[in-house]
Amino acid sequence: MNRWGGKRYLVETKPGFVYFRKNGKYLKRIDAPYPSPEFDRQYWEIFSGKKAVAKTEEGEEAFEEDKEEVADEDKTTFAELGIEPTILTALDKKGYKFPSPIQEAVIPLLLEGGIDVIGQAQTGTGKTAAFGLPMIQQIDTDFNAIQGLILCPTRELCIQIAREMTQYAKFSKGVKIVAVYGGASIQDQIRAIKSGANIIVGTPGRTIDLIGRRALKFDSVSKVVLDEADEMLNMGFKEDINEILETTPAFKRVWLFSATMPREVERISSSYMEDPIKVTVGTKNSSAANIEHKFCLVQGRDKYFALKRFVDHYPGLFGIVFCRTRRDTQEIAAKLMNDGYNADALHGDLSQGQRDTVMKKFRNKTISLLVATDVAARGIDVDDVSHVFHYDLPDEIESYTHRSGRTGRAGKSGISVALISPQKSGKIKLIEKKIGKSLELVKAPSGQDICGMQLMKMIKEVKEVEVNQKGIAPFVAQIHESLEEFSKEELIYVGNLSSLGPILTHVIFKKREVDRKCLYVPLL
């Protein structure tokens, strides 16, 4: 019996039949030509969170998934997916209790072995663990050779995947993971490979370089992962991918993961994959359901001021500002820092050490705004990003999905705001068609709006303050005596003025000076 996992159901196959099962109960049975060799596994698509769809040569049957909340005791666990105890211990140390939809759908397939799989899901859904856990579990530590290869588009993503994989393999003795990427010492990477590596995580360029130096040989690789395949093709790595895959043996299995599925990715799958099973979490090319999409029409000369208004309107914001060029990235970041915002830039002109420093500050929330190009931000894996701002729309509409996917991760909500000049408003329809959602037209927040949000934030903080009753007790009488001439309303007013004085002054008198909030700038 084989199983395909979905969000809250299992798809089981037995000779002549296919069953849909949830919580031990059979929901649906259809006829299917299994297990005959003609059974065409690419006819399977599992839509987690929407519906389960079984496609056969005779037709298609589906059922809508039940929407009620599932108690923890009814949720599928990693152990039930077949993950071994040593990896379960590592997952427990990281606080991972239950698999995400893409993990639940894909892990049983990959552990089964002998099949090619295409996994499509948005960023932030746990794809690294989806392919990483089965790969680690299937490493033969008695065989001292490279058995797994993971290709990804950027060094940031390469480092992130290697770090996560190393954490998953913490208690799996003998599993060694080496990351190879540009911008770091190639000699150090060669030494790490020679010291013993079971799994290589690499960017296409550095991987080809090491193949040319005969430091990497993939004749024993049994599993190849193409992660963020759509982005690798967007970045022009098609020929590099072909060159690398040509050095791998014919018996390998290919696991392809992508947020979107353009035709170029489908061509790669048809060239290097054999009857792949396709697993889709969410709808194709869609945006995460928990992301609000907004756009603001603003002239180019006013974009920066509009950006600042939105930033000020969301107290506690932790976000990313996307720009099209490195120059814009540097300029916007410099302006924000000069105006007193905790911001920094991430782009291709930075050295690896500088990039690591910026990312460390962002992950630690030392900076609250990261201004980045699409390529530089590709490897960002931070769960708490609340907002994404598109200072310019990307050339490729698919990139909008990738950008927006930086927020709304790990089940959290997020907001995506695009600043668009009226002349380019025609792109909105293309984006809406691609993501399957409507973008809400909004105006740049007014000074009054910003004051209101800041005031409510301050009131919330006051309400949540834990008072040290014992520590303040000796001063209570003196405090009451000093403030007895004021009413409650007057104390609130004075307190607000002391906290929001510069902002209120700016709004009341509409002055254009100095203020970092820039509240009185004419915008569309």
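Each remark here, short or long, concerns the structure printed above.
Quick look at the structure, then. (Residues numbered from 1 in each chain as written. Predicted model: local features only at pLDDT ≥ 70, side-chain atom pairs only at ≥ 80, totals over all residues. Heavy atoms only, no water.)

## A few points about the overall build of the protein chain
The criterion, for reference: Helix and strand assignments come from DSSP, with helices taken as H or I runs of at least 4 residues and strands as E runs of at least 2, each series counted from the N terminus. Any residue under 20% of the maximum accessible area for its type is buried, any over 50% is exposed, and the rest in between are partly exposed; the area is computed with a 1.4 Å probe on protein chains only. Any two residues whose heavy atoms approach within 4.5 Å are treated as being in contact. For the accessible areas, the method is Shrake-Rupley and the probe is 1.4 Å, while residue cover comes only from the protein chains on display.
Of regular secondary structure, the protein chain possesses 19 helices and 21 strands. Buried residues in the protein chain amount to 52% of all 524 residues. In the protein chain, 71% of the contacts between residues at least 6 apart in sequence involve partners at least 24 apart. Entry remark: accessible area of the protein chain is about 25,200 Å², with carbon and sulfur atoms responsible for 50%.

## Overview of the environment of Gln122
In this fold, Gln122 is placed in the loop between β8 (117-120) and α4 (127-137). Taking the C-alpha atoms as reference, Gln122 lies 7.8 Å from Val281; in sequence the two are 159 residues apart.

## Here we look at a negative patch on the surface
The criterion, for reference: Within this analysis, patches are made of residues with over 30% relative accessible area and no salt bridge. Like charges are joined at 9 Å or less; nonpolar side chains (Val, Leu, Ile, Met, Phe, Trp, Tyr) at 5 Å or less. Salt bridges are defined as contacts in which a side-chain nitrogen from Lys or Arg sits within 4 Å of a carboxyl oxygen from Asp or Glu. Positive: Lys, Arg. Negative: Asp, Glu. His and the chain ends are not part of the count. Every charge is mapped onto a representative atom, which is NZ of Lys, CZ of Arg, CG of Asp or CD of Glu.
Residues Glu481, Glu484, Glu485, Glu489 and Glu490 make up a contiguous surface patch of negative charge. Looking at where Glu490 falls in the secondary structure, it is placed in helix α19 (residues 488-509).

## Some thoughts on unusual backbone geometry
Residue Glu228 is not a glycine yet carries a positive backbone phi of 55°. With respect to the helices and strands, the residue Glu228 is situated in the loop between β12 (223-227) and α8 (229-234). Even without being glycine, Asp275 reaches a positive phi, approximately 45°. Relative to the elements of secondary structure, Asp275 occurs in the loop between α10 (263-272) and β14 (277-281). For Asp275, a relative accessible area of 43% gives the class partly exposed.

That is the geometry; function is a separate question.
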